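The residues making up each chain are set out below.
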Amino acid sequence: MTEKYDVVIAGTGVGGLYSALNLDSSKKILMITKAKTEECDSFLAQGGICMLKSDDDYDSYFEDTMKAGHYENNKKSVDTMIRNSQKTIKRLISYGVDFERNEDGSLKFTKEGAHSTPRILFHQDITGKEITSKLLSAVKKLPNVQILEMTEMTDIIEENGKCAGIVAKDLSSGQESKIMADYVIWATGGIGGTYKHSTNFPHLTGDALTIAKKHGIPVVHEDYVQIHPTTLFVKSNKGKKERSFLISESVRGEGGLLLDKNGNRFVNELLPRDKVTEAIKEQMKKDGTEHVWLDMRCIDSGIVKSHFEHIYERCLEEGIDCTKDLVPVVPAQHYFMGGVDVDENSMTSLDHLYAVGETSCNGVHGKNRLASNSLLESLVFAEIAANKINEETRK
Ligand SMILES: Cc1cc2nc3c(=O)[nH]c(=O)nc-3n(C[C@H](O)[C@H](O)[C@H](O)COP(=O)(O)OP(=O)(O)OC[C@H]3O[C@@H](n4cnc5c(N)ncnc54)[C@H](O)[C@@H]3O)c2cc1C
């Protein structure tokens, strides 16, 4: 059976959800996800989301993003992300997102590696869940949006040089069908599922990239893969494909230290992720170990149990009390800076096909993403894509 929609969105993470929230309410929209709606990386984000604190911080935020990205970033994209950050955070708060506050009620900022000042908003160590669950609730209230879980996009339909829909597979019955649409938005996330050790959900396997290549749609910087320096080393994981548990960079931002097998520091913990990862890998080689140690004992135990509650609990499950014991950590695949090549409106080279979030590449992250820039980037450029579609269809 062939169905027809105004817009089909593949992916229900922040990129997909925020696209739906910004499209005109007159549009008939279908969202599909390969898994359950809660099973996406957006729900896993721990550390937080960046915001330009004031105009005084613009140059520093811009420079930190560029420096982390080895100055390969698209400057226009960086500027767009930063300048839209305050507006985006206000919208999130209007959907009920609860960020940590100071006693006077002002927003509280934390710091992560390669940021020269605290500019990251957070909700304990489950910022992604807080943001994504609130956006999901808002989308579920929209009468013009239908969400189909366990439905995989396997291809797109091209007609007269335009994207005219997708081919989707119902994963419970195995049945494939054509879904026609005036516009398609890809928001299918990262590629971690193709790695043995990754912090990503295993079903995130870069499907849009495969489909793009089949249709001659450019994919760029496939080698720009970010390895997160600190995921929990669990011996029983060996040989099994399991999601690696991330120990957020903000742990180091709050004072956590990295130690070698003899208990000595070997790197500046607040360097960009690629530099810290490199140093850890070298140290493991030198020491002949499978991990290094993260020392969280220097962080006030009250802060550990409140700000890092879920990390604290996950470590306890492994018999590690991170307020007293050292935590074994190892690098793992984490984020994909490359992706489907898009312009400043999140448009791919194929008419009526857009890509947003981790699956797309607008060059904002350059060669290496600055911590806590990806939720923001996904939201900002999803809104831009939706606005562009609204504008085109209102003409
Ligand atoms: C452990 C962890 C911690 C993180 N912490 C932070 C942080 O603190 N701050 C920050 O800014 N970023 C963080 N990130 C990165 C950030 O979470 C992601 O980059 C961002 O959420 C990506 O959003 P997205 O909408 O592009 O993709 P996702 O949220 O991953 O959603 C992808 C969606 O696409 C669907 N999908 C995939 N393939 C198909 C297909 N073929 N058909 C149909 N549906 C499909 C999936 O089911 C899912 O619904 C973290 C990531 C991880 C893994």
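Residue numbers restart at each chain and count upward from 1, following the sequence in its written direction. A pLDDT threshold of at least 70 governs which residues receive local features in this predicted model, and a stricter bar of 80 or more applies before side-chain atom pairs are shown or counted, although totals over entire chains, interfaces and linings include all residues. Hydrogens and waters are ignored; side-chain quantities use all the structure's heavy atoms.

Chemist: Would you mind going over the overall build of the protein with me for this structure?
Modeler: Helix and strand definitions here come from DSSP, where helices need a minimum of 4 consecutive H or I residues and strands a minimum of 2 consecutive E residues; each element is numbered from the N-terminal end. Within the protein one finds 12 helices and 16 strands. Only the C-alpha atoms count toward the radius of gyration. The rule for a globule is 2.2 Å times the residue count to the power 0.38. Computed over the C-alpha atoms, the radius of gyration of the protein is 21 Å, within 12% of the 21 Å expected from 2.2 N^0.38 for a compact globule of 395 residues. Principal-axis analysis of the C-alpha atoms gives the protein an extent of 65 × 50 × 35 Å. We call a residue buried when its accessible area falls under 20% of the maximum for its residue type, exposed when it is over 50%, and partly exposed in between, using a 1.4 Å probe and counting protein chains only. Looking at the protein as a whole, 58% of its 395 residues are labelled buried. To be clear on the numbers: accessible area is Shrake-Rupley with a 1.4 Å probe, and residue cover counts the displayed protein chains and nothing else. Approximately 16,200 Å² of the protein is accessible, and the part contributed by carbon and sulfur atoms is 47%. Where the 49 positive side-chain charges of the protein centre and where its 59 negative ones centre are 1 Å apart. When charges are tallied, Lys and Arg are placed among the positive residues and Asp and Glu among the negative ones, while His and the ends of the chain are skipped. Every charge is mapped onto a representative atom, which is NZ of Lys, CZ of Arg, CG of Asp or CD of Glu.

Chemist: I tried to follow the pairing of strand β7 (residues 162-170) on my own but got confused; where do I start?
Modeler: Pairing between strands requires that DSSP locate at least two bridges from one strand to the other. Summarising the sheet, strand β6 (residues 151-159) and β7 pair through 8 bridges and their orientation is antiparallel. Note that in β7 the partner of Met-153 across the bridge is Ala-168. Counting the residues in the hairpin turn of β6 and β7 gives 2 residues, including Asn-160, whose phi is positive at 50°. As paired strands, β7 and strand β8 (residues 176-186) are joined by 5 bridges and run antiparallel to one another. Within β8, the position partnered with Lys-169 by the bridge is Glu-176. Between the antiparallel neighbours β7 and β8 lie 5 residues, among them Gly-174 with a positive phi of about 80°.

Chemist: What am I meant to see in the environment of Gln-226 here?
Modeler: Within the fold, Gln-226 resides in strand β10 (residues 225-232). A residue is classified by how much of its surface remains accessible, and Gln-226, at 2% relative accessible area, is buried. Distance in space between the C-alpha atoms of Gln-226 and Arg-314 is 23 Å, their sequence separation being 88 residues. Any two residues whose heavy atoms approach within 4.5 Å at even a single point are treated as in contact. Excluding anything up to four places from it in sequence, Gln-226 contacts Arg-273, Ala-332, Gln-333, His-334, Tyr-335, Met-337, Asn-368 and Arg-369.

Chemist: Got a minute to help me understand the packing of aromatic side chains in this structure?
Modeler: Two numbers describe a pair of aromatic rings. These are the distance of the centres and the angle of the planes. Put simply, two rings from Phe, Tyr or Trp (the six-membered ring, in Trp's case) pair if the centres are within 6.5 Å, and we call them stacked under 30 degrees between planes, edge-to-face over 60, tilted for the rest. Within the structure shown, the criterion is met by 2 aromatic pairs. For the pair Tyr-58 and Phe-62, a centre-to-centre distance of 5.8 Å together with 25° between the ring planes defines the contact as stacked. One end of the pair is Tyr-58 and the other is Phe-62, both in helix α3 (residues 58-68) and 4 residues apart, which spans about a single turn. A residue is classified by how much of its surface remains accessible, and Phe-62, at 17% relative accessible area, is buried. With a centroid separation of 6.2 Å and an interplanar angle of 55°, the aromatic rings of Tyr-183 and Tyr-354 are classed as tilted.

Chemist: Even after reading the chapter, I still don't get unusual backbone geometry, so can you show me in this structure?
Modeler: Most peptide bonds are trans, and most residues other than glycine sit at a negative phi. In this structure, Ala-114 is a non-glycine residue whose phi angle is positive, near 70°. Backbone geometry places Ser-372, a non-glycine residue, at a positive phi of 70°. Secondary-structure assignment places Ser-372 in the loop between β16 (360-361) and α12 (374-394). Assessed through its relative accessible area of 6%, Ser-372 is described here as buried.

Chemist: I keep staring at the nonpolar core and nothing clicks. Help me out?
Modeler: Here is a general trend for soluble globular proteins: nonpolar side chains tend to be buried in one another's company. Among buried residues, those of type Ala, Val, Leu, Ile, Met, Phe, Trp, Tyr and Cys that are joined through side-chain atoms within 4.5 Å constitute a nonpolar core. Formed by 56 residues in total, the largest nonpolar core has its most connected members in Ile-9, Ile-49, Leu-92, Phe-99, Ile-131 and Leu-135. Looking at this core, the element that brings in the most residues is α12, giving 10 residues. Leave out the neighbours within four places in its chain, and Leu-135 touches Val-14, Leu-17, Tyr-18, Leu-21, Leu-92, Tyr-95 and Leu-379. Counting 27 residues, the second-largest nonpolar core is a separate cluster that includes Ile-32, Ile-156, Ala-208 and Val-342.

Chemist: Sorry, what's going on with the sheet that holds strand β14 (residues 339-341) here?
Modeler: Sheets are built from strands that pair by backbone hydrogen bonding, the pairs being arranged parallel or antiparallel. Strands sit in the order β9-β14-β16 across an open sheet of 3 strands; the sheet is mixed. The two strands at the open ends of the sheet, each matched to only one other strand, are β9 (219-220) and β16. Across 2 bridges, the pairing between β14 and β16 is parallel. Among the inter-strand pairings, Val-340 is bridged to a residue of β16, identified as Ser-360. Lines fitted to C-alpha atoms define the axes, with helix axes restricted to the stretch in contact, and inter-axis angles between N-to-C directions lie between 0 and 180 degrees. Against the sheet, helix α7 (residues 207-214) contacts β9 and β14, and its axis sits at roughly 40° relative to β14.

Chemist: What am I meant to see in the pairing of β8 here?
Modeler: For a regular strand, side-chain orientation follows a simple rule: the groups alternate between the two sheet faces. Relative to β8, strand β1 (residues 3-10) is paired through 7 bridges, and the arrangement is parallel. For Glu-3, the partnering residue across the bridge sits in β8 and is Ile-179. Both β8 and strand β15 (residues 353-355) contribute to a ladder of 3 bridges, which runs parallel. When the bridges of β15 are listed, Val-184 appears paired with Leu-353.

Chemist: Sorry if this is basic, but what is going on with the pattern of salt bridges here?
Modeler: A side chain with one charge can pair with a side chain of the opposite charge if their charged atoms come near. For salt bridges, the criterion is a side-chain nitrogen of Lys or Arg within 4 Å of an Asp or Glu carboxyl oxygen. Going through the model one piece at a time under the given rule, you end up with 20 salt bridges. Where Lys-4 meets Asp-182, a salt bridge forms, and the shortest distance between an N and an O atom there is 2.9 Å. Residue Lys-4 is found in strand β1, and its partner Asp-182 is found in strand β8; the two are separated by 178 residues along the sequence. According to the relative accessible area criterion, Lys-4 is partly exposed, its value standing at 46%. Here Arg-273 ties to Glu-249 by a salt bridge, and the two come within 2.5 Å at their closest N and O atoms. Of this pair, Arg-273 sits in helix α9 (residues 273-287) while Glu-249 sits in helix α8 (residues 249-253), and the two are 24 residues apart along the sequence. Within the structure, one salt-bridge network assembled from shared partners comprises Asp-24, Lys-27 and Arg-394.

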